[in-house]
Amino acid sequence: MSYVIIGNGPAAIAACESIRTTDKEKQIIIISKEDKYAYGRPLITYQIAGIVEKENMFLRKKEFYEKNNIKVLLGKEATGIDPKNKIVKLDDGAQINYEKLLIASGGTPFIPPVYKEYMDKENITTFIKWEDMEKLEKMLPEINNVLIVGGGLIGIKAAEALVMKNKKVFIAELSKRVLSTVIDNKGAYYFHKELEKNNIFLFLENTVKSFKVKKNRIEKAVLQSGEVLDIDAVIMAIGVKPEISFIKGTNINTNVGILVDDSMKTSVDDIYAAGDVAESYDLVYGSKRIGPIWVSASEQGRIAGYNMAGKKASYRGRLIMNSISFLKTSLISYGIINTDIEYEKINVFEYERPDLNIYRRLNVVDNRLIGAIFVNSIYRKGIITRFIIEKLPFDKYKDILLSPNIGFIEFEKEYRNREINSVKGYSKTKTNLENTV
Amino acid sequence: MKKLYFREEWCVGCGRCEVACAIEHSESKHPIIAYFHEKIRQTPRIVVERKGNISFANTCRHCEEPDCVNACIAGALYKDESGKVLYNPNKCVGCYSCIMACPYGAIMKDINRKERKQIVKCDLCNTRKEGPACAEACPNRAIIFEEKEG
């Protein structure tokens, strides 16, 4: 009997580490669909661009697994769970017993049905997995014109890598702007500008209607607007969805992802979920949502691990945050960034210097900060998370929040002296560590 | 573990801690060479904030559950056995997720390193026998390096 983790990303690693703070003995088994030890998927961009070597993409050294008695089943896929007998079934027919199970299977690329028939062509790939990276790497010397379908986080980072490799890049994006989930229209302007500066053709409110294939290779893309592009390669970067196919037939409650409580437990005893696959409490929205971001995968994996090993820990909830740069333009944004219809009461405060490519925006509801956008103005901005998490009164701090130089000096004396001298440091996860019997 | 603690009543805002930090993290560890002759001028890992007659220094708290480590996509930030939160520049890709996540604003862009995006952060002068250079440089004992119960 042991701990079993389905998935091999940041949530899995964090869970191993927190399990080992309590239980040093029992084996941990990681089931990894990919034939690789845990690595940083966002690093694929940087590997293609030539900034990071493959051997530096791994999150932990080999010794980590030996030292912590972690067995990684590489290239094995979970195909089913039998909660009654506490068994995970694998694609090779093997069955693995678990005492506590963590589902941290992450996301899988979302491919709309119209594109499915093209996915086996030799010059098309997604931009998520190790094999995608190797496929693209192999193609690189022979390709020049590359079309990226989707201008979100993955698409933009793929574009950056390709531009650094002197490729001609086209991006087709359905919405009015790139990075539509993490930035507003005004902020996206600075990314559009940077894309244009680097000779990237951006087709907004547009997408691919069909591809023209010759000898198993995609040669042309026909856009909805009628334009026809000659292309040597296609990257599909539309998005990801939680990978939950293997839980069919169980009583694990799902919505878009697997629903979890604040201990990361699912509706079934001894089964936990964390990371991109989990639909967990979001502290800004005040409801359960999926939120595929690296930092909350780590946080949730850590919380799940504590609870699996018998230490009580509860998750304060996710604060969505994203940091993304495209060449010289960098963005950090937090919480709710759009004036969604459900937030009509939103008050927007902005500072903009188009001449310096600087833009800052704060979204405020009922005197509380619920979201923020910072373009090319990221100095010490992590301090902002305090205002969202702790619901500090906005009016009192409005000026520092909009200023370029946020710091502690504008906080109340008691607050700042306590915080800058904190012995344990800050914890967004609010792990209330109590030993349970 | 021993950490840095800051006493604003004692701070005169002289900024010597920032200078000592930048020099300590330079190659030569010599003030003039470090500032004028080295290829990359070091960015201080400690910040002195000033307003009117209030001033104080602050830097990384080496958190028990560091948000920067949770946020790092590259495995470049890590907690060592002693509890220090350390940085491996060779693994860093300059995504600035740590800057986004750190609630102390303790991680800075390495602004003078032009060829590659990197960050700097306090390492408590990990390899310095005498302990952190900032605490030693403070003329007023406004920065203390000691172990406290939390």
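Being a predicted model, the structure only gives us computed values, none of them experimental.

### Quick notes on the overall build of chain B
Assigned secondary structure in chain B consists of five helices and eight strands. Each helix and strand of chain B, placed in order from N terminus to C terminus, yields the pattern β-α-α-β-β-α-β-β-α-β-β-α-β. Along the longest, intermediate and shortest principal axes, the C-alpha atoms of chain B span 40 × 40 × 35 Å. Per-residue burial for chain B yields a buried fraction of 48% across its 150 residues. Restricting to contacts in chain B with at least 6 residues of sequence separation, those with at least 24 account for 59%.

### Regarding the interface of chain A and chain B
Listed by partner, the interface residues are 42 residues for chain A and 36 residues for chain B. Breaking the side of chain A that touches chain B down by element, the ones donating at least two residues are helix H2 (43–49), helix H8 (294–308), strand S23 (321–326), strand S24 (329–335), helix H9 (384–389) and helix H11 (413–420) of chain A. With four residues, H8 of chain A is the largest single contributor of residues to the side of chain A that touches chain B. The residue makeup of the side of chain A that touches chain B, split by class, is 19 nonpolar, 16 polar and seven charged.

### What to know about the domain arrangement of chain B
All names here are of chain B. With domains assigned, chain B is organised as domain 1 (1–59 + 124–150) and domain 2 (62–121). Here the C-alpha centre of domain 2 lies 18 Å away from the C-alpha centre of domain 1. Each partner contributes to the interface: domain 1 provides 10 residues, whereas domain 2 provides 14 residues.

### Examining the sheet that holds strand S27 (residues 368–375) of chain A
Residues and elements named next belong to chain A. The strand order across the open sheet formed by five strands is S23-S24-S27-S26-S25, and the pairing between neighbours is antiparallel. The sheet terminates laterally at S23 and strand S25 (347–353), the two strands that pair on one side only. Adjacent strand axes in the sheet meet at a mean angle of 10° when their direction is disregarded. Where strand S26 (residues 358–365) lies against S27, seven bridges are found, and the strand directions are antiparallel. Note that in S27 the partner of Asn363 across the bridge is Gly371. In the packing of helix H10 (residues 394–402) onto the sheet, the strands contacted are S25, S26 and S27, and the crossing angle to S26 comes to about 170°.

### Some points on the sheet that holds strand S20 (residues 278–282) of chain A
Residues and elements named next belong to chain A. On the basis of which strands lie adjacent, the open sheet formed by three strands has the order S18-S20-S21 and mixed pairing. Since the sheet does not close on itself, it has two edges, and those belong to strand S18 (258–259) and strand S21 (287–289), each with one partner. The sheet contact formed by S20 and S21 spans three bridges and is antiparallel. Note that in S21 the partner of Asp282 across the bridge is Ser287.

### Looking at the environment of Lys381 of chain A
With respect to the helices and strands, Lys381 of chain A occurs in the loop between S27 and H9. A C-alpha to C-alpha distance of 8.9 Å links Lys381 of chain A and Pro404 of chain A, two positions 23 residues apart in sequence. Apart from the residues lying within four places of it in its own chain, the contact partners of Lys381 of chain A are Ile332, Phe374 and Ile406 of chain A together with Ile99 and Met100 of chain B.

### Details of unusual backbone geometry
Phi is positive for Lys215 of chain A, which is not a glycine, with a value near 50°. Within the secondary structure, Lys215 of chain A is located in the loop between strand S13 (208–214) and strand S14 (217–223). Despite not being glycine, Arg141 of chain B shows a phi value in the positive range, around 50°. Mapped onto the fold, Arg141 of chain B is located in the loop between helix H5 (133–137) and strand S8 (143–147).

### A look at the domain arrangement of chain A
All names here are of chain A. Looking at chain A, the domain boundaries give domain 1 (3–109 + 241–312), domain 2 (113–238) and domain 3 (328–420). The straight-line distance from the C-alpha centre of domain 2 to that of domain 3 is 32 Å. Partitioned by chemical class, the residues of the side of domain 2 that touches domain 3 number four nonpolar, one polar and three charged.

### Overview of helix H1 (residues 10–22) of chain A
All names here are of chain A. With 13 residues, H1 extends 19 Å from end C-alpha to end C-alpha; this agrees with the ideal 18 Å at 1.5 Å per step. Three or more residues of H1 are buried, namely Pro10, Ala11, Ala12, Ile13, Ala14, Ala15, Cys16, Ser18 and Ile19. Each element contacted by the buried residues of H1 is listed here: strand S1 (3–6), strand S2 (28–32), strand S3 (70–74), strand S7 (100–103) and H8.

### Some points on the packing of H1 of chain A against H8 of chain A
Packed helices, taken two at a time, are described by their axes: the angle between them and the distance between them. All names here are of chain A. Remark: H1 packs on H8, axes separated minimally by 7 Å, with the N-to-C direction vectors making an angle of 35°. H8 is crossed by H1, and the crossing has right-handed handedness. On H8, the residues touching Pro10, Ala11, Ala12, Ile13, Ala14, Ala15, Cys16, Glu17, Ser18 and Ile19 of H1 are Trp294, Ala297, Ser298, Gln300, Gly301, Arg302, Ala304, Gly305, Tyr306 and Met308. For the contact of H1 with H8, the class distribution of residues is 13 nonpolar, five polar and two charged.

Rules of the game
- Residues numbered from 1 in each chain as written.
- Chains lettered and ligands numbered in written order.
- Predicted model: local features only at pLDDT ≥ 70, side-chain atom pairs only at ≥ 80, totals over all residues.
- Helix = DSSP H or I, 4+ residues; strand = E, 2+ residues; numbered from the N terminus.
- Buried ≥ 20, exposed ≤ 12 C-beta atoms within 10 Å, placed from the backbone.
- Contact = placed C-beta atoms within 7 Å.
- Nonpolar A, V, L, I, M, F, W, Y, C, P; charged D, E, K, R; others polar.
- Domains from an automatic or database assignment.
- Pairing = 2+ DSSP bridges.
- Axes fitted to C-alpha atoms, helices over the stretch in contact; angles between N-to-C directions.
- Expected span 1.5 Å × (residues − 1).
- Left-handed = near helix turned anticlockwise from the far one by under 90°.

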